[in-house]
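# A look at the structure
The residues making up each chain are set out below.
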Amino acid sequence: KFCIRLAGCQYTVAVAPNGYRISVRGYSEKLPILLDAVTSRILTLIEEMKDGSDLSLQLKFQKAKETLLRQSKNYRINAPYKVCNYNARTLLEDNVWHVENYIAELEDDINPLTMKECAEITEQSLRGPIRAHALCFGNIDEEETKRVSSLISERMLAKSRPLQSVEMPVFRGIELPTEEEGKRIFGNDFAGPLIYQEVASSESEENNALELTFQCGCEHTLGYEGVAMLTLLAHLGYNSAYSQLRTQEQLGYIVSAQSRKAAGKAWSFVVLVQSSVALPSVLEERSEAWIHQFRKQLQDTPEEEILSEANAVVAQLLGRITGLGEEASRGWGEIMNAAESDIDEPNFDRVEIVAKQLQNRSAEDIRSGLLDLLDTHLIGPERRVLSSRVYCQNSREEYDENENKPGVITNFEGVQKLNQFLSTYPLAPYWIQR
């Protein structure tokens, strides 16, 4: 690595949910050489791990395994608001593993994870059915790009067959139940919202946390306009929530309102509060009260201010790219967006089209769109809401009181049971023409 840095180059090898990602950066004439060295080393390392005769490699593997186990266990002592977010994700994303599953695998003494097993799985991933996507960006020329393409084909594709569409890993978003749907699952005593609660592992933790997730649909149903309106709603909501819940009510130092895209292309409006002075139930009550207050604010906001805020969001979306890395990252993101949906042509103009939805529109038209989004998904009877709560040890009494109530989940097993009753969102992205 030191020699590579001296040559002005860098590389990373990472594991993504749907495959491996190799990135090389630096002087263009060195990149094919660096990629050659990295891919060659990956393949020879697999053989060395399968052989298992190198004691130093065995020690490195054991150390890496212990480090991964320690990092996995550390999630338990994360800040409560981070645990809230993690728990919400395990419920909102289909076909996921909980971190406790990974810990159990790493601690399994009966059938321990071996270096040879890791190597065989990696080899199967790289030499089995495979589909490759590549982006060559910057001052790399056509000849060097072709060298990169040939190298990928020779090293990774020559001994494998193409990955078929039906074999592609699929990640779907879970659709939360409405109150009426919840009654059919949990009984008539269910009053909503759905609650996923946990007690903080650390006895020294003094904070409670709440994350309210209001599902606003998926990309297929929202379309360009819906995504643009949700982005503007979150922009306006952040300042309003911070002013009310943090500054005026002083519930906690961490307060946020934001839009969020989950796996499976599901979009939500999220309110987050971490507090050392209020229980999660109180945080939820105050957050719900703020939402109604926020609606009145939108009704009373002057037209010129609405247009000003819309223009601010447009400016953020169309902000000038300040570096080559940022531009490459945005392009790669669009390529991956298309790949996840098994679409050949990425939509590199997506952000610009979203921004256009807020341009050349009247203030009343924008206000109407915001209020419709808010009334439908944050306030109305058909809203789909998840209350993710984390209690400190001193607040356990409320946790115990809620434990057996309908619509309250306390562990990942409960999530898996609930998912049997729930639907998933369509995967089609909003930028596909219908």
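This is a predicted model, so every value here is computed, not measured. (Residues numbered from 1 in each chain as written. Predicted model: local features only at pLDDT ≥ 70, side-chain atom pairs only at ≥ 80, totals over all residues. Heavy atoms only, no water.)

### Some points on the layout of surface pockets
Considering only enclosed or pocket space, the second largest pocket measures out at about 240 Å³ in volume. For the second largest pocket, the lining is made up of 12 residues, of which Val227, Trp267, Arg350, Val351 and Tyr430 are closest to its centre. For the lining of the second largest pocket, the secondary-structure elements that each account for two or more residues are α9 (219-248) and α13 (350-356). Class assignment of the residues belonging to the lining of the second largest pocket gives a composition of seven nonpolar, two polar and three charged. (1 Å grid on protein atoms, 1.4 Å probe; cavity = no way out; pocket = protein on both sides within 12 Å on 5 of 7 lines; lining within 4 Å. Points joined across faces, edges and corners; volume = space filled by probe spheres on them. Helix = DSSP H or I, 4+ residues; strand = E, 2+ residues; numbered from the N terminus. Nonpolar A, V, L, I, M, F, W, Y, C, P; charged D, E, K, R; others polar.)

### Some remarks on the pairing of strand β7 (residues 384-391)
Across the eight residues of β7, eight count as buried, placing the element largely inside the fold. Judged by which residues are buried, β7 turns out to be covered on both faces: Arg384, Leu386, Ser388 and Val390 on one side and Val385, Ser387, Arg389 and Tyr391 on the other are all buried. Pairing of strand β3 (residues 194-199) with β7 involves six bridges; the strand directions are parallel. In the strand pairing of β7, Gln197 is matched with Arg389. Bridge count for strand β4 (residues 208-218) against β7 is seven bridges, and the pairing is antiparallel. In the strand pairing of β7, Glu211 is matched with Ser388. (Buried < 20%, exposed > 50% of the residue type's maximum accessible area, 1.4 Å probe, protein only. Pairing = 2+ DSSP bridges.)

### Some remarks on α9
The terminal C-alpha atoms of α9 lie 35 Å apart, and with 30 residues this falls more than 12% below the ideal 44 Å at 1.5 Å per residue. At Glu225, α9 shows its largest kink, close to 70°. One or two steps after α9, the chain reaches Gln250, where phi turns positive at roughly 50°. (Expected span 1.5 Å × (residues − 1). Bend = angle between axes of the 7 residues up to and from the residue.)

### Thoughts on the nonpolar core
Ranked by size, the top nonpolar core spans 45 residues in total, and within it Phe269 and Trp290 carry the most contacts. Put simply, the parts of the chain that give this core at least two residues each are β4, α9, β5 (254-262), β6 (266-275), α10 (280-300), α11 (303-317), α13 and α14 (363-379). Of the residues forming this core, the biggest block, 12 residues, is contributed by α9. Trp290 has contacts with Gly237, Ser240, Ala241, Gln244, Leu245, Ala257, Phe269 and Val271, leaving out every residue within four places of it along the chain. Within the second largest apolar cluster, 14 residues are counted, among which are Val38, Leu43, Leu57 and Ala119. (Core = buried A, V, L, I, M, F, W, Y, C linked by side-chain atoms within 4.5 Å. Contact = heavy atoms within 4.5 Å.)

### Observations concerning empty space enclosed by the protein
In total, this model carries one cavity of 30 Å³ or more according to the counting rule given. By volume, the largest cavity amounts to about 70 Å³. Around the largest cavity, the lining residues are Arg76, Ile77, Asn78, Pro80, Val83, Glu198, Val199, Ala200, Ser201, Ser202, Glu205 and Val390. Of all the secondary structure elements, the ones that give two or more residues to the lining of the largest cavity are α4 (80-92) and β3. Each residue belonging to the lining of the largest cavity can be placed in one class, and the counts come to six nonpolar, three polar and three charged.

### What to know about the packing of α11 against α14
Remark: α11 packs on α14, axes separated minimally by 9 Å, with the N-to-C direction vectors making an angle of 75°. Classified by the angle their axes make, α11 and α14 are roughly perpendicular. Contacts from Glu303, Ile306, Leu307 and Ala310 of α11 reach α14 at Ala363, Glu364, Ile366 and Arg367. Across the contact of α11 with α14, the residue classes break down as five nonpolar, no polar and three charged. (Axes fitted to C-alpha atoms, helices over the stretch in contact; angles between N-to-C directions. Parallel < 35°, antiparallel > 145°, perpendicular 65-115°, else oblique.)

### Concerning the sheet that holds β5
If you walk across this open sheet you meet the six strands as β5-β6-β4-β7-β3-β8, and the pairing is mixed. Two strands close off the open sheet at either side, each with one partner strand: β5 and β8 (408-409). In terms of strand pairing, β5 meets β6 through nine bridges, oriented antiparallel. Across the sheet, residue Gln258 finds its bridge partner in β6, namely Val270.

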